[in-house]
Amino acid sequence: MSTISEHKKISQYGNVPNLVQDGLVERWVRSAKRWWPFYLMLAPGIIYFFVYHYMPIWEARIAFEQLRIIPPNVWVGLQHFAALASSPIFLQVLLNTVIISVMKLVFVFPVPIIVALLLNEVRTPGYRKIVQSVIYLPHYLSWVVIGGITIAVLSPTDGAVNDIISWMGFQPVPFMTDAGSIRWVVVFSEMWRSAGWDSLLYFAAIIGINPELYEAAEIDGAGRWQKIRHVTIPSIAPTIATLFILNVGLFFSTGLDQILNLTNPVIRSQIDIVDTYVYRIGLQTGQFELATAAGLLKGFVGMVLIVAAHLASKRLTGKGIW
Amino acid sequence: MVTNSRQTPFERIEYVIILSALLLMVVVTLQPILHLVAVSFSDPARVPTMSGLRIVPEGFSLKVWNLLIHNAAVQRGFVNAVFITFVGTAINIVATTLMAWALAQKRLPGRKYILVFVLVTIVFDPGIVPDFFVMRDVGLLNSYWSVILYRGVFAWYLIILIRLFEEVPYELLEAAELDGANPFQTLWYVIVPVAKSSIAMIGLFYLVLHWNEFFRAMIYLNDPNKWPLQVVLRQFVVEGDKLSMVGVSDMSTYSDAGQISIRALKAGMITLTIAPLVLIYPLILKFFTKGTMSGAVKG
């Protein structure tokens, strides 16, 4: 803003800018004089990003090294990555990550869309508001809390779900220690937490739809479902596409906090994902190099996915992720 | 609305089904929370046989709450969590606002590079182990600051704020400049009052992030005295460590505390951790509905 006003000042005195032939240094000093307050404002943030996000990137070099008590460390190239590729545990972890992410995409992703569509059908604003204020709440709870709630709800002896199962005359299921059901526990706890909140974006897109479209559809004799099919869904398709792509982009980065609070030794092999694996072998058993290699691998795949997602979203809908 | 009068019976049934589906969602969301609240206020003797479906206390007793409130680990956890949350959020708001205001200057030399510098951190995450090494190297292990400064500036919120600041009418900024305001004064007297509610909204998000954070606290704070409430809760609920809550003496003497079922203690602990969030939740809703509504009008 100051540049523009200074141009104005100059122009009041006629057409002079070309008379001032500044060297590079002078121009630099002038620019510094004008902008230093803003650089000062940037400083805390830049220092933060440097320490918390860039220094770790530099530290990540230990993925290619053998740590030694007496420095320097020994460069071993891709040895740790090779070790990962031939480790059955890591491959299982990779497989688990893919399975859980796909399950979440298939079973959790569509739910908020349906919720938003249902909310839009409600003709009493009061009822809709109450529903909305309740279903947004779980999004604000930590995974420690949701883990605790999930364990309580699914308890074989006094959990709500098993109370219903026994009441219907079936045997209670120990969901939290059952290898067959634990992944579904992950899926449904994710749904409990995010289905409501995520519907907000779709709902915002729906109320932005031009009402004339609905009026035109009504004149054509469209019923509720036809309006949803031919007006609402096509109108929110860009939002759906963007969020779907974003979810694909975050494919490998979901669930550390969640899994850590739902896991236990009995079923760990079913839901051990890359993040929990990195945490366990790195920070708990001290295999720093191997864990860093696994984390870095995840970081690279994640980067490729999210950049691809951004480009895809930009091309499809004209709106990127950031 | 016009169609209401000529709804067919089939459409009316449909409508009832839609309302019921949403009601079911409300019940599924609230029941588990209300149940835990009910358990925490129930008579401890009756808790072991209580159905998981109940949302009304069986009997009434404050024994669980009494125990929790006087428990040293819980008290410390609460104080730590409040400290981390408030100091952290204050730093977040100041650092994010300053950075966003500077980056909202479209002509700032190097702006593009700084934006890329920030975006890279969204895209690439080298993982937790290098992070741990950095914390060790800068001497923040076992320090509150390793947790407080985490997400000092959250890239997503920064981007939101930059976009909002860019929309502040140019005339306001020009007027401030004519009055001789420096960039700091313009920020404080013009931008902050205009963008008050957006800054408050982002502050609330940061507040929730800090309150809910457990992973960093868990790996960086070795000293249990520094643990925030979430880590204390996790130790107890997820790891099932009753001893740390009740204390050795009460466990072995089968005193009051030893007798309270672990189920009731867990329920109370979870309720306690949720309570502050539930208190600020109406504020979040207020800011949020406002934000999305204006977004919808624009979009």
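Residues numbered from 1 in each chain as written. Chains lettered and ligands numbered in written order. Predicted model: local features only at pLDDT ≥ 70, side-chain atom pairs only at ≥ 80, totals over all residues.

The name an unreviewed UniProt entry gives chain B is Carbohydrate ABC transporter permease, with Pararhizobium mangrovi as the organism. In the Subcellular location (unreviewed entry) part of its UniProt record, chain B is described as follows: "Cell membrane". (UniProt positions renumbered as here; feature names shortened; annotations may be inferred.)

As annotated in an unreviewed UniProt entry, chain A carries the name Sugar ABC transporter permease and comes from Pararhizobium mangrovi.

S.K.: It is not clear to me how the overall build of chain A should be interpreted in this structure. Could you clarify?
M.R.: Counting secondary structure elements, chain A contains 15 helices and two strands. Here the C-alpha atoms of chain A give a radius of gyration of 27 Å, more than 25% beyond the 20 Å that 2.2 N^0.38 yields for 322 residues. With the C-alpha coordinates aligned to their principal axes, the bounding extent of chain A is approximately 95 × 80 × 30 Å. In chain A, buried positions account for 37% of the 322 residues. When contacts within chain A are restricted to residue pairs at least 6 apart in sequence, those whose partners lie at least 24 apart make up 65%. (Helix = DSSP H or I, 4+ residues; strand = E, 2+ residues; numbered from the N terminus. Rg over C-alpha atoms; globule rule 2.2 N^0.38 Å. Buried ≥ 20, exposed ≤ 12 C-beta atoms within 10 Å, placed from the backbone. Contact = placed C-beta atoms within 7 Å.)

S.K.: Quick question: what am I supposed to make of the overall build of chain B here?
M.R.: Counting its secondary structure elements, chain B contains 16 helices and zero strands. Considering chain B as a whole, with its 299 residues, one finds that 41% of them fall into the buried category. Long-range contacts, defined here as pairs at least 24 residues apart, represent 68% of the contacts in chain B between residues at least 6 apart.

S.K.: Is there a simple way to think about helix α2 (residues 24–59) of chain A in this case?
M.R.: Owing to its 3.6 residues per turn, the α-helix brings residues three or four apart onto one side. Along its 36 residues, α2(A) runs just 37 Å from first to last C-alpha, ending more than 12% under the 52 Å computed at 1.5 Å per residue. Among the residues making up α2(A), those that are buried are Trp35(A), Phe38(A), Met41(A), Leu42(A), Gly45(A), Tyr48(A), Phe49(A), Tyr52(A), His53(A), Pro56(A) and Glu59(A). Looking at the buried side of α2(A), the elements it contacts are α3 (72–103), α4 (111–123), α5 (128–137) and α9 (183–194) of chain B. (Expected span 1.5 Å × (residues − 1).)

S.K.: Got a minute to help me understand the environment of Leu149(B) in this structure?
M.R.: With respect to the helices and strands, the residue Leu149(B) is situated in the loop between α6 (144–148) and α7 (155–166). For the pair Leu149(B) and His210(B), spaced 61 residues apart in the sequence, the C-alpha separation amounts to 9.9 Å. Residue contacts for Leu149(B): discarding those within four places in its chain leaves Tyr48(A) and Ile91(B).

S.K.: I keep staring at the nonpolar core and nothing clicks. Help me out?
M.R.: Most often, soluble globular proteins keep nonpolar side chains buried together rather than apart. Ala294(A) and Met99(B) are the most contacted members of the largest nonpolar core, which totals 142 residues. What Ala294(A) contacts, discounting residues up to four positions off in sequence, is Leu84(A), Phe90(A), Val274(A), Tyr277(A) and Val278(A). (Core = buried A, V, L, I, M, F, W, Y, C linked by C-beta atoms within 7 Å.)

S.K.: Honestly, unusual backbone geometry in this entry has me stumped. Any pointers?
M.R.: Residue and element names in this part refer to chain B. Of note in the backbone geometry, Asn 142 takes a positive phi value of approximately 60° without being a glycine. On the secondary structure map, Asn 142 appears in the loop between α5 and α6. A tally of 13 C-beta atoms within 10 Å means that Asn 142 is categorised as partly exposed. Backbone geometry at Arg 151 places phi at a positive 60°, although glycine is not the residue there. Among the secondary structure elements, Arg 151 is positioned in the loop between α6 and α7.

S.K.: Please clarify how the interface of chain A and chain B should be interpreted in this entry.
M.R.: How large an interface is tends to be reported as the accessible area lost when its parts come together. With 75 residues of chain A at the contact, the number on the chain B side is 83 residues. In terms of residues, the side of chain A that touches chain B owes the most to one element, α2(A), which gives 17 residues. Partitioned by chemical class, the residues of the side of chain A that touches chain B number 47 nonpolar, 20 polar and eight charged. (Nonpolar A, V, L, I, M, F, W, Y, C, P; charged D, E, K, R; others polar.)

S.K.: Explanation requested: the UniProt feature "transmembrane region" (unreviewed entry) in chain B in the structure shown.
M.R.: Residues and elements named next belong to chain B. Mapped onto the present numbering, the UniProt feature "transmembrane region" (unreviewed entry) falls at residues 12–34, 78–101, 113–135, 147–165, 186–209 and 264–284. Secondary structure within residues 78–101 divides into 100% helix and 0% strand; the distance between the first and last C-alpha atoms comes to 34 Å. Measuring from the first to the last C-alpha atom of residues 113–135 gives 26 Å, for a span that is 83% helix and 0% strand.

S.K.: I keep staring at the UniProt feature "transmembrane region" (unreviewed entry) in chain A and nothing clicks. Help me out?
M.R.: All names here are of chain A. According to UniProt, the "transmembrane region" (unreviewed entry) feature falls on residues 36–55, 102–120, 140–161, 231–252 and 290–312. Strand forms 0% of residues 140–161 and helix 59%; the C-alpha atoms that close the span are 23 Å apart. Split by type, residues 290–312 is 100% helix and 0% strand. Its first and last C-alpha atoms lie 33 Å apart.

S.K.: How do you make sense of the domain arrangement of chain A when you look at a structure like this?
M.R.: Considered domain by domain, chain A is made up of domain 1 (19–75) and domain 2 (82–317). Just the C-alpha atoms count here: the centres of domain 1 of chain A and domain 2 of chain A sit 37 Å apart. (Domains from an automatic or database assignment.)

S.K.: Looking at this model, I keep getting lost on helix α5 (residues 110–121) of chain A. Mind explaining?
M.R.: Here α5(A) spans 17 Å end to end across 12 residues, near enough to the 16 Å set by a 1.5 Å rise per residue. Inspection of α5(A) places Pro112(A), Ile113(A), Val115(A), Ala116(A), Leu118(A), Leu119(A) and Asn120(A) among the buried residues, and these make up the whole buried set.

S.K.: Teacher, can you tell me more about the environment of Trp36(A) here?
M.R.: Residues and elements named next belong to chain A. In this structure, Trp 36 sits in helix α2. Trp 36 gets classed as exposed once you count the C-beta atoms within 10 Å, which come to 11. Put simply, Trp 36 and Asn 210 are 174 residues apart on the chain and 46 Å apart in space, counted from C-alpha to C-alpha.

S.K.: Would you mind going over the UniProt feature "domain: ABC transmembrane type-1" (unreviewed entry) in chain A with me for this structure?
M.R.: The residues that UniProt annotates with the feature "domain: ABC transmembrane type-1" (unreviewed entry) are residues 94–309 of chain A. In the segment residues 94–309 of chain A, helix accounts for 75% and strand for 0%; the C-alpha atoms at its two ends are 21 Å apart.

S.K.: How do you make sense of the domain arrangement of chain B when you look at a structure like this?
M.R.: Residue and element names in this part refer to chain B. What the domain assignment reports for chain B is domain 1 (1–61) and domain 2 (70–298). The interface of domain 1 with domain 2 comprises nine residues on the first partner and 10 residues on the second. Here the residues of the side of domain 1 that touches domain 2 sort into seven nonpolar, two polar and no charged.

S.K.: Even after reading the chapter, I still don't get the packing of helix α15 (residues 288–317) of chain A against α5(B), so can you show me in this structure?
M.R.: Packed helix pairs are characterised by how far apart their axes lie and by the angle those axes make with each other. Running from amino to carboxyl end, α15(A) crosses α5(B) at an angle of 125°, the nearest separation of the two axes being 7 Å. In this view, α15(A) runs oblique relative to α5(B), as classed from their interaxial angle. Only Ile128(B), Val129(B) and Pro130(B) of α5(B) make contact with α15(A), whose side of the interface consists of Phe288(A), Ala291(A), Thr292(A) and Gly295(A). (Axes fitted to C-alpha atoms, helices over the stretch in contact; angles between N-to-C directions. Parallel < 35°, antiparallel > 145°, perpendicular 65-115°, else oblique.)

S.K.: Looking at this structure, how should I read the packing of helix α14 (residues 274–284) of chain A against α15(A)?
M.R.: All names here are of chain A. At a closest axis distance of 8 Å, the pairing of α14 and α15 adopts a crossing angle of 160°. Accordingly, the angle class assigned to the pair α14 and α15 is roughly antiparallel. Regarding α14 and α15, the two cross each other, and that crossing is left-handed. Contacts from Val 274, Tyr 277, Val 278, Ile 281 and Gly 282 of α14 reach α15 at Phe 288, Leu 290, Ala 291, Thr 292, Ala 294, Gly 295 and Lys 298. Residues belonging to the contact of α14 with α15 are distributed by class as follows: eight nonpolar, three polar and one charged. (Left-handed = near helix turned anticlockwise from the far one by under 90°.)

S.K.: What exactly am I supposed to notice about the confidence of the model for chain B here?
M.R.: Keep in mind that low pLDDT regions are not for reading the predicted coordinates in detail. All names here are of chain B. Per-residue pLDDT for chain B averages 87, and the proportion of residues at 70 or more is 88%. When mean pLDDT is taken per element in chain B, α3 scores highest with 96 and helix α14 (residues 248–253) scores lowest with 52. Within the model, the stretch residues 292–299 combines pLDDT values under 50 with seven contacts to residues more than four positions away or in other chains. This prediction of the complex comes with two scores: 0.88 for pTM and 0.89 for ipTM. (pLDDT = per-residue confidence, 0-100.)

S.K.: What exactly am I supposed to notice about the environment of Arg263(B) here?
M.R.: Inspection of the secondary structure puts Arg263(B) in helix α16 (residues 262–298). Judged by local crowding, Arg263(B) falls into the buried class, with 22 C-beta atoms found within 10 Å. The sequence separation of Arg263(B) and Leu36(B) amounts to 227 residues, and the corresponding C-alpha distance is 9.1 Å. Here Arg263(B) is in contact with Asp158(A), Val39(B) and Val47(B), once residues within four sequence places are set aside.

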